[in-house]
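Given next are the chains, with one letter for each unit.
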Amino acid sequence: MMEKKPTIQMIADLAGVSRGTVDRVINNRSYVKAEVRERVLRIAQETGYVSPREIHLRQQAEGVKVLKLGVLLPDWGYGQQFREGVSQGIREAQEELEDANVEVIVKICNTDLHDEAVSLLRELRGLGVDGMSVCALSHPAVIEELKEINKAGIPVVTFNSDLPESGRVLFIGQDIRKSGRLAAQMMSRCVRPGEKILAAVGNMQFDGHRQRFMGFSERMNELGFPSEDLFTVETFNDYSTTLKKVSEVIREHPDLGGIYMANLNVTACAEAVRAYGMEKKIHVICHDINDGIRYLLRESRVDFTIPQDFVRQGREPLIWLSSYLRKKTVPESWRFSDLQILCAENI
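In what follows, the accompanying structure is described. Predicted, not measured: the structure shown is a model, and the values here were computed from it. (Residues numbered from 1 in each chain as written. Predicted model: local features only at pLDDT ≥ 70, side-chain atom pairs only at ≥ 80, totals over all residues. Heavy atoms only, no water.)

1. Quick word on the packing of helix α8 (residues 176–190) against helix α9 (residues 207–222)
- Relative orientation of the contacting elements α8 and α9 amounts to 40°, with a least axis distance of 7 Å. Judged on the interaxial angle alone, α9 and α8 are oblique. Seen from above, α8 lies across α9 with right-handed handedness. Contacts from I176, R177, S179, G180, R181, A183, A184, Q185 and M187 of α8 reach α9 at G208, Q211, R212, M214, G215, F216, E218, R219, M220 and E222.
- Partitioning the contact of α8 with α9 into residue classes produces seven nonpolar, six polar and six charged. (Axes fitted to C-alpha atoms, helices over the stretch in contact; angles between N-to-C directions. Helix = DSSP H or I, 4+ residues; strand = E, 2+ residues; numbered from the N terminus. Parallel < 35°, antiparallel > 145°, perpendicular 65-115°, else oblique. Left-handed = near helix turned anticlockwise from the far one by under 90°. Contact = heavy atoms within 4.5 Å. Nonpolar A, V, L, I, M, F, W, Y, C, P; charged D, E, K, R; others polar.)

2. Brief notes about the pattern of salt bridges
- Throughout the structure, instances matching the rule amount to 22 salt bridges.
- A salt bridge links R177 to E218, with the shortest nitrogen-to-oxygen separation between them at 3.2 Å. Pair noted here: R177 is in helix α8 and E218 is in helix α9, with a separation of 41 residues, a long-range link.
- For R177, a relative accessible area of 27% translates into the label partly exposed.
- Residues joined in a network through salt bridges with shared partners are R177, R181, E218, R219 and E222. (Salt bridge = Lys/Arg side-chain N within 4 Å of Asp/Glu carboxyl O. Buried < 20%, exposed > 50% of the residue type's maximum accessible area, 1.4 Å probe, protein only.)

3. Some thoughts on the side chain of T242
- Secondary-structure assignment places T242 in helix α10 (residues 239–252).
- For T242, a relative accessible area of 0% puts it in the buried group.
- At 3.4 Å, the side chain of T242 forms a polar contact with the side chain of T235.
- Contact partners of T242, with chain neighbours within four places excluded, come to T235, M261, N263, L264, N265, A268 and C269. (Polar contact = N/O pair within 3.5 Å; in protein donor to acceptor, adjacent residues only side chain to side chain.)

4. Some details on unusual backbone geometry
- Of note in this structure, N265 is not a glycine but carries a positive phi near 60°.
- Its place among the elements puts N265 in the loop between β8 (256–262) and α11 (266–275).
- Residue N265 is classed as partly exposed on the basis of its relative accessible area of 21%.

5. A closer look at the pairing of strand β7 (residues 230–234)
- Inspection of the sheet shows strand β6 (residues 196–201) paired to β7 by five bridges, in the parallel sense. By the bridge assignment for β7, A200 is matched with V233.
- Following the backbone out of β6, through α9 and into the adjacent parallel β7, one traces a crossover that is right-handed. (Pairing = 2+ DSSP bridges. Right-handed = clockwise from strand over helix to strand, strands pointing away.)

6. Comments concerning the nonpolar core
- I250, I259, M261 and I282 are the most contacted members of the largest nonpolar core, which totals 24 residues.
- Ranked by the residues each element gives to this core, the list is headed by α11, at five residues.
- Setting aside chain neighbours within four positions, we find I282 in contact with I250, L256, G257, G258, I259 and V273.
- Core analysis: the second largest hydrophobic core is formed by 22 residues, F82, V86, A93 and L325 among them. (Core = buried A, V, L, I, M, F, W, Y, C linked by side-chain atoms within 4.5 Å.)

7. Remarks on the packing of aromatic side chains
- In total, this model carries two aromatic pairs according to the counting rule given.
- Measuring from centroid to centroid gives 5.4 Å for F82 and F310, while their planes differ by 80°, and the two rings are edge-to-face. Placement of the pair is F82 in helix α5 (residues 80–97) and F310 in helix α13 (residues 310–327), with a sequence separation of 228 residues. In terms of burial, F82 and F310 fall into one category: buried.
- Aromatic side chains F216 and Y260 sit 4.0 Å apart centroid to centroid with 15° between the ring planes, which places their arrangement in the stacked category. Taken together, the positions of F216 in helix α9 and Y260 in strand β8 put the pair 44 residues apart, joining distant regions of the chain.
- Given the relative accessible area of 0%, F216 is considered buried.
- Overall, the relative accessible area of 0% leaves Y260 in the buried class. (Phe/Tyr/Trp six-rings, centres within 6.5 Å; stacked < 30°, edge-to-face > 60°.)

8. With respect to the sheet that holds strand β10 (residues 304–306)
- Within the open sheet, the five strands sit side by side as β7-β6-β8-β9-β10. Their pairing is parallel. Among the strands making up the open sheet, the edge pair consists of β7 and β10. Going across the sheet, the axis of each strand differs from the next one's by a mean of 15°, ignoring polarity.

Below you can see the structure in the form of structure tokens.
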């Protein structure tokens with residue numbers, strides 16, 4: 001007897017095929033080679049797998065309501081690591097909930113324009129979703145739309161970047177303000193008195209970016225660094241903009257001692273520092289971890305980074321919403337407070 005309930009992913013792994021191939025075989029869709037179809041069906045039978053469609057029909061007969069959960073994601077320009085991690089988390093949630101009669105509908109913004117986010121929220125509402133998992137920029141129009149959604153009895157969970165005034169049920173993600181304060185604590189150990197510091201922020205309309213910067217500047221001030229020695233630029237997570245703005249500050253302020261990358265495109269920042277021959281003088285502290293940042297850490301072009309768990313941020317809101325809607329349990333605010341610091345020695 002199998003200890004773990006079989007899933008599409010398990011069948012795919014045992015058969016040596018993709019989840020999509022298993023789905024096509026189980027639901028008799030599209031062409032699949034005869035030997036592959038036979039292998040998948042045999043493994044499904046041997047493991048006792050029951051397809052989501054069969055479960056759905058059985059639950060319909062038993063009167064179990066189908067839950068529709070909507071997901072609103074920002075423009076994927078937000079970053080490859082964010083995209084891949086959150087997507088994996090959503091897939092994990094779908095797999096975990098496939099036997100619970102839950103349907104997940106994902107909408108992705110193509111821009112950072114607030115009217116697109118509002119339009120997609122209305123589209124999800126029009127599709128009859130029972131709950132929403134939302135990562136969106138902080139704009140009055142977006143907040144007002146979420147308030148209307150809340151009034152309609154549709155609970156919203158925000159993740160990664162919070163919208164605390166929207167009436168959301170809870171926020172799931174890193175304690176962003178605390179992570180900014182931690183970055184400031186490390187920066188204070190790197191720069192010398194009198195040296196200037198640059199904080200490069202992605203988009204102040206994202207609560208996560210804004211809170212990260214506020215935590216950083218707040219802590220730097222507490223540590224005795226005057227506010228006039230802290231410069232700020234907004235780069236909108238664009239490589240060329242980051243390169244241009246960081247280069248301008250380095251050129252205009254040769255006494256710059258540190259750069260806090262509260263956004264993406266850390267590589268652009270590192271390139272600007274190298275172009276001016278300031279790698280031994282300017283310390284760089286950033287967030288998140290990917291292959292590019294690993295390389296920069298190993299090359300001592302970035303001093304420290306503070307990673308976050310994007311997979312959990314994609315997965316947990318859907319799991320929470322399912323439990324909340326089925327059991328009506330009110331979850332507590334849930335922020336990941338277990339912050340980690342990575343450097344060349346521990347990546």
